[in-house]
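Understanding the architecture of this molecule
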Amino acid sequence: MSDLLRLATAGSVDDGKSTLVGRLLYDTKSVLADQIDAVTRASVDKGLATPDLSLLVDGLRAEREQGITIDVAYRYFATPTRSFVLADTPGHVQYTRNTVSGASTAQLVILLVDARKGVIEQTRRHAAVLALLGVPKLVLAVNKIDLVDDPAAVFAEISSEFNSLTSTLGWATEDVTEIPVSALHGDNIASRSSNTPYYDGPSLIEHLESVPVDADSAGRHSIGLRFPVQYVIRPRTADYPDYRGYAGQVAAGTVARGDEVVVLPSGIRTTVERIDTADGELPLAQAGRSVPLVLADDVDISRGDTIASPVDAPEPLADFDATVCWLAEKPLRPGARLLLKHGTRTTQAIVGTLVERFDEQKLVAAPSPETLELNDIGRISIRVAEPLVADDYGVNRHTGSFLLIDPAGGNTLAAGLVGDVLSAVEVGDKV
């Protein structure tokens, strides 16, 4: 049985992300014949001699007309050894928020650069965002390598500059892979190309098939049980008059029959009596599994509570610092009253101080900004009306992330990370 890898694309506009994704779909035979026929006809109409594979993924009319990607779209493809869920994100600066959304659950990100342009401002911005999000693995796809005069020298120069950047941002050398590719012609996508004799590494698909995938790379680190309750099951039928199950997804750790647990934020302790599924009881459920838990005691639990391991249960937070990526046109100011959604709990929140704003180009922070503007990344203080059962984002991506929401319109205003993750990527002095 093949396992699953969640990945995303990132890069500047016109670096060839859509063509690369189209090539991945085409080379893994993940598109239907009529889709290929439609793309071929559209390409002929545009005067092209070969199919424009970017049309396989640029589905919105606005995207087709402008030749850019303006939304996050999820693509699915598979090889005999692994299945893939890919978040295809836009490259324009004003859509950095979409990159944050697409990469937030990724185990690996393919960051594209145009071989003719090298590492540019948007490359550095995306690398900084991916470091803040804790993306475990990176692939630098040096695209359009066929369009430069000395591809070996260009690839070596870009790889060296990118390695210097990623090491500064905290990635280990073994977690970053550079591959020269031509998405248009398929060089080093499905198989290694004879057009790049200076490169002796794997093709992109070979690397995606072999890169390690484990609990840590999915953002669920070695901590105890975290089980946010999504729904309380009370059938009250003749067959189940007193049944009470707590449905949710195991966000971290594992849970087994007989385990002692603590219900947060109340702090009441009990034990797990059963783990139910539609196919019968389970002896154990691991991170990522959605199940109902039946507890030994009749405990007052509702949606938004968390069932956790008592050994390392987090202290519920009422006041805390967090790093946010501001996603709205209207700037964030101190004193803003918003809604905060963490796991299955939504509560009122007040923004206290704006502690610092991160400069993703210089990798330094400017203290006490007056506002955070669209796409700004900064550290803020927050007070919530109901305590959050949250881990530091550096400990666990799933239990350490949240959203800030406009209470009037319901729009998402910011993606938030509990704790000071900026300190891990800042270098030099404050500005």
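The name that an unreviewed UniProt entry assigns to the chain is sulfate adenylyltransferase, with the source organism given as Antrihabitans spumae.

On to the sheet that holds strand S1 (residues 3-11). Taken together, the 6 strands give an open sheet; going across it, the order is S2-S3-S1-S4-S5-S6, and neighbouring strands pair in mixed fashion. Both outer strands of the open sheet, strand S2 (73-78) and strand S6 (176-180), are each paired with one neighbouring strand and no more. Shown here is a sheet whose adjacent strand axes are inclined to one another by a mean of 25°, direction ignored. Two elements, S2 and strand S3 (residues 82-88), share 6 bridges in a ladder whose sense is antiparallel. Bridged to alanine 73 within S3 is aspartate 88. Across the sheet, helix H5 (residues 121-133) touches S1, strand S4 (108-114) and strand S5 (137-143), and the angle it forms with S4 is around 170°.

Let us look at the pattern of salt bridges. Under the definition given, this model contains 22 salt bridges. Taking the shortest distance from any N to any O, the salt bridge between arginine 383 and aspartate 319 comes out at 2.6 Å. Placement of arginine 383 in strand S19 (residues 377-388) and of aspartate 319 in strand S15 (residues 317-326) is noted, with a sequence separation of 64 residues between them. Classification of arginine 383 as exposed rests on a relative accessible area of 51%. By relative accessible area, aspartate 319 is classed as partly exposed at 46%. Of the charged contacts, one joins arginine 379 and aspartate 321 as a salt bridge, the two residues approaching to 3.0 Å between their closest N and O atoms. Of this pair, arginine 379 sits in strand S19 while aspartate 321 sits in strand S15, and the two are 58 residues apart along the sequence. Here the salt bridges share partners, and the residues they tie into one network are Arg257, Glu273, Arg274, Asp276 and Glu281.

Our next topic: helix H1 (residues 17-27). Counting buried positions along H1 gives 9 out of 11 residues, so the element sits mostly inside the fold. When H1 is considered as a whole, its buried residues turn out to be Lys17, Ser18, Thr19, Leu20, Val21, Gly22, Arg23, Leu24 and Leu25. Count one or two residues on from H1 and you reach lysine 29, which has phi positive near 55°.

Each strand in a sheet pairs with its neighbour through backbone hydrogen bonds, running either in the same direction (parallel) or in the opposite one (antiparallel). With respect to topology, 6 strands assemble into a closed barrel ordered S7-S8-S13-S11-S10-S14, the strand pairing being antiparallel. Each neighbouring strand pair of the sheet contributes to a mean axis angle of 45°, computed without reference to strand direction. For strand S10 (residues 260-264) and strand S14 (residues 306-308), the ladder comprises 3 bridges, and the chain directions are antiparallel. Counted as the bridge partner of valine 262 is alanine 308 from S14.

Take the pairing of strand S11 (residues 268-275) next. Strand direction decides the pairing type here: S10 and S11, joined by 4 bridges, are antiparallel. Across the sheet, glutamate 260 pairs through a bridge with threonine 271, a residue of S11. In textbook terms, the turn of a hairpin is the stretch between consecutive antiparallel strands, and for S10 and S11 this stretch comprises 3 residues, one of which, glycine 267, has a positive phi near 85°. Where S11 lies against strand S13 (residues 290-295), 3 bridges are found, and the strand directions are antiparallel. Residue pairing across strands places arginine 274 opposite valine 294, the latter belonging to S13.

Once that is clear, we can look at unusual backbone geometry. A cis amide bond links leucine 264 with the next residue in sequence, proline 265, at an omega value of 15°. Following the sequence through the fold, proline 265 ends up in the loop between S10 and S11. With a phi close to 60°, lysine 144 is a non-glycine residue in the positive phi region. On the secondary structure map, lysine 144 appears in the loop between S5 and helix H6 (151-169). For serine 368, which is not a glycine, the phi torsion comes out positive at approximately 50°. Counting through the fold element by element, serine 368 comes out in the loop between strand S18 (364-367) and S19.

This brings us to H5. Along an α-helix, residues three or four apart share an orientation, since each turn contains 3.6 residues. Compared with an ideal rise of 1.5 Å per residue, which puts 13 residues at 18 Å, H5 spans 19 Å between its outermost C-alpha atoms and is within 8% of the ideal. Taken across its 13 residues, H5 has 11 buried, putting it largely inside the fold. Those residues of H5 not exposed but buried are Gln122, Thr123, Arg125, His126, Ala127, Ala128, Val129, Leu130, Ala131, Leu132 and Leu133. At the exit of H5 stands glycine 134, carrying a positive phi of roughly 75°.

What counts, and where the lines are drawn
Residues numbered from 1 in each chain as written. Predicted model: local features only at pLDDT ≥ 70, side-chain atom pairs only at ≥ 80, totals over all residues. Heavy atoms only, no water. Pairing = 2+ DSSP bridges. Helix = DSSP H or I, 4+ residues; strand = E, 2+ residues; numbered from the N terminus. Axes fitted to C-alpha atoms, helices over the stretch in contact; angles between N-to-C directions. Contact = heavy atoms within 4.5 Å. Salt bridge = Lys/Arg side-chain N within 4 Å of Asp/Glu carboxyl O. Buried < 20%, exposed > 50% of the residue type's maximum accessible area, 1.4 Å probe, protein only. Expected span 1.5 Å × (residues − 1).

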